[in-house]
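Residues per chain are reported as follows:
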Amino acid sequence: MSRPLEGKFGIVTGGSRGIGEAIARNLAAKGCSLLLNYTSASSQSRTEDLCTELASQHSIKCVCVQADLFHTEEATATILKAAQENFSSETTGTLQVDILINNAGVSKDRFLNDEEKGPMDREYFNWHYTINVLAPLLLTQAVAPFLPTDRSGRIVNISSVSSSIGFTGQTVYGGTKAALEAMTRTWARELADRATVNAVNPGPVIGDMYFATGEAFWQQMQGFMDNTPLSKVVDGDEKMNSLTEEQRYLIKEKMGGRRPAFTKLECLVWFGLVWGVVWIDVREENYETAKDEFEIATDSTNGTTIYAASDRESARDALNQLSAVFALYTTEMPSYGESQQPQQTQPDDSGSQMVSTYFDPGDIKPEVREEVKRRVGHRLRELENAVEALEERAKDD
């Protein structure tokens, strides 16, 4: 695997297990040094072992730090101090945080006037909102001054489809994720000169949290899972061997034989989008970047500010990058094993666009290519038309 993140530094909250661990593994494999946050002493040994493994396997620096995000101010200070002490430049003494993954989160379903668990109260509400909303807010705020100054920073907030679907029992949890997504949109504008800011809804992922949600929630999910092509359990699936006997039973008998995703860069078709479950799928990241640039250009053009021309150029550049990556995902190409030449695409008449793919285009299965065309292509076309219309209007003015 190529190492496009060589020399970069990232912070991952909730990095000891599940999605957080998988994100850490993926970043490390790409050359990114890491600070992994975990909550309790029970996770210390696990997180230390993970750091040791990643450092040894990928020749990166990995440090773990215990910080309970419920005690938000203290945890934020602890994480930032650990970053400064371990990852500041040896030559300048300054810290640069290239990547921040706000992954840590909590959830305990409860209905209005729940007959088994009792009614929701201030303590229940505050627990969710402190960890799921206040913690990423204060940590992002603390990290902001240390982001790169060339727009190369990346902030990723792990959200949930619960923010918009309205699952029963998730009054508070769904509300926290909606709040996180609202903050994401604001931060994308406020930090546009330093970093892109995106939220990702990974869909169901195998882990302690999902198995703890219970049968009532799995029943709500069943229709969605039935329409997720790669979720069906098939004979000989070696990934199933990593689960306990009880977990395999629950998937077979209580989840209709449809399993959540494993955190091994497994690709799912989820709610009309093709996502990389564990890491930010490059198509989506490029799409969000291009969309953000377009919105900035639109605002600036409408306001006839002096930035309009450069903003439109940034929107066009981001769109070209998106088009290039989309082409790599949808055009049949020889694998790197057959051709060692860099991959080039022709997104438009302006010439070829070079992109870092982080994957071998020749390894993409035909069915995945077709799904990308069907699910993502229309979004690209809509954005292309919008940018072209913006450019034409600027010419007319």
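It should be noted that the structure appears before, not after, this text.
The rules we used
- Residues numbered from 1 in each chain as written.
- Predicted model: local features only at pLDDT ≥ 70, side-chain atom pairs only at ≥ 80, totals over all residues.
- Heavy atoms only, no water.
- Pairing = 2+ DSSP bridges.
- Helix = DSSP H or I, 4+ residues; strand = E, 2+ residues; numbered from the N terminus.
- Right-handed = clockwise from strand over helix to strand, strands pointing away.
- Salt bridge = Lys/Arg side-chain N within 4 Å of Asp/Glu carboxyl O.
- Buried < 20%, exposed > 50% of the residue type's maximum accessible area, 1.4 Å probe, protein only.
- Core = buried A, V, L, I, M, F, W, Y, C linked by side-chain atoms within 4.5 Å.
- Contact = heavy atoms within 4.5 Å.
- Expected span 1.5 Å × (residues − 1).
- Bend = angle between axes of the 7 residues up to and from the residue.
- Axes fitted to C-alpha atoms, helices over the stretch in contact; angles between N-to-C directions.
- Parallel < 35°, antiparallel > 145°, perpendicular 65-115°, else oblique.
- Left-handed = near helix turned anticlockwise from the far one by under 90°.
- Nonpolar A, V, L, I, M, F, W, Y, C, P; charged D, E, K, R; others polar.
- Polar contact = N/O pair within 3.5 Å; in protein donor to acceptor, adjacent residues only side chain to side chain.

1. Some details on the pairing of strand 3 (residues 62-66)
Of the pairings in the sheet, the one linking strand 2 (residues 33-38) to strand 3 comprises 5 bridges and is parallel in character. Paired with Leu34 across the two strands is Cys62, which belongs to strand 3. Running through helix 2 (residues 44-58), the crossover from strand 2 to the neighbouring parallel element strand 3 is right-handed.

2. Let's talk about the pattern of salt bridges
In total, this model carries 8 salt bridges according to the counting rule given. A salt bridge links Arg3 to Glu6, with the nearest nitrogen and oxygen atoms 2.5 Å apart. Accessibility expressed as a relative area gives 47% for Glu6, which makes it partly exposed. One salt bridge connects Glu53 with Arg25, and the closest N-O pair in it is separated by 2.7 Å. With Glu53 in helix 2 and Arg25 in helix 1 (residues 18-29), this pair connects stretches of sequence that are 28 residues apart. Taking the relative accessible area as the measure of exposure, Glu53 reaches 34% and is therefore partly exposed.

3. Here's the deal with the nonpolar core
Counting residues in each nonpolar core, the largest one holds 32 residues, and the members touching the most others are Phe9, Ile11, Leu35, Ile79, Leu95, Val143 and Leu191. Elements with a contribution of two residues or more to this core: strand 1 (9-12), strand 3, helix 3 (72-87), helix 4 (122-143), helix 6 (171-190) and strand 6 (195-200). Counting residues per element, this core draws most heavily on helix 3, at 6 residues. In contact with Ile79, other than residues within four places in its own chain, are Ile11, Leu35, Asn37, Val65, Ala67, Leu69 and Leu139. Membership of the second largest hydrophobic core comes to 21 residues, among which are Ile19, Ala28, Leu54 and Ile60.

4. Here's the deal with helix 4
Along its 22 residues, helix 4 runs 29 Å from first to last C-alpha, staying within 8% of the 32 Å computed at 1.5 Å per residue. The largest bend in helix 4 comes to about 40°, at Thr130.

5. Concerning the pairing of strand 2
Counting buried positions over the 6 residues of strand 2 gives 6, a clear majority of the element. With 4 bridges joining them, strand 1 and strand 2 adopt parallel strand pairing. Directly across from Ile11, in strand 2, lies its bridge partner Leu35. Taken together, strand 1, helix 1 and strand 2 form a β-α-β motif whose crossover is right-handed.

6. Quick look at the packing of helix 3 against helix 4
Running from N to C, helix 3 and helix 4 point in directions that differ by 40°, and their axes come no closer than 9 Å. On the basis of their axis angle, the class for helix 3 and helix 4 is oblique. Crossing angle aside, the handedness with which helix 3 passes helix 4 is right-handed. Residues Thr72, Glu73, Thr76, Ile79 and Leu80 of helix 3 touch helix 4, and the partners they reach there are Thr130, Leu134, Ala135, Leu138, Leu139 and Ala142. Residues of the contact of helix 3 with helix 4, tallied by class, amount to 7 nonpolar, 3 polar and 1 charged.

7. Things to note about the side chain of Arg258
Residue placement: Arg258 occurs in the loop between helix 9 (245-254) and strand 7 (267-270). With a relative accessible area of 17%, Arg258 lands in the buried category. From its side chain, Arg258 meets the backbone oxygen of Asp226 in a polar contact 3.5 Å long. When residues no more than four places from it in sequence are discounted, the contact partners of Arg258 are Gln222, Met225, Asp226, Thr228, Pro229, Ser231, Lys232 and Ile251.

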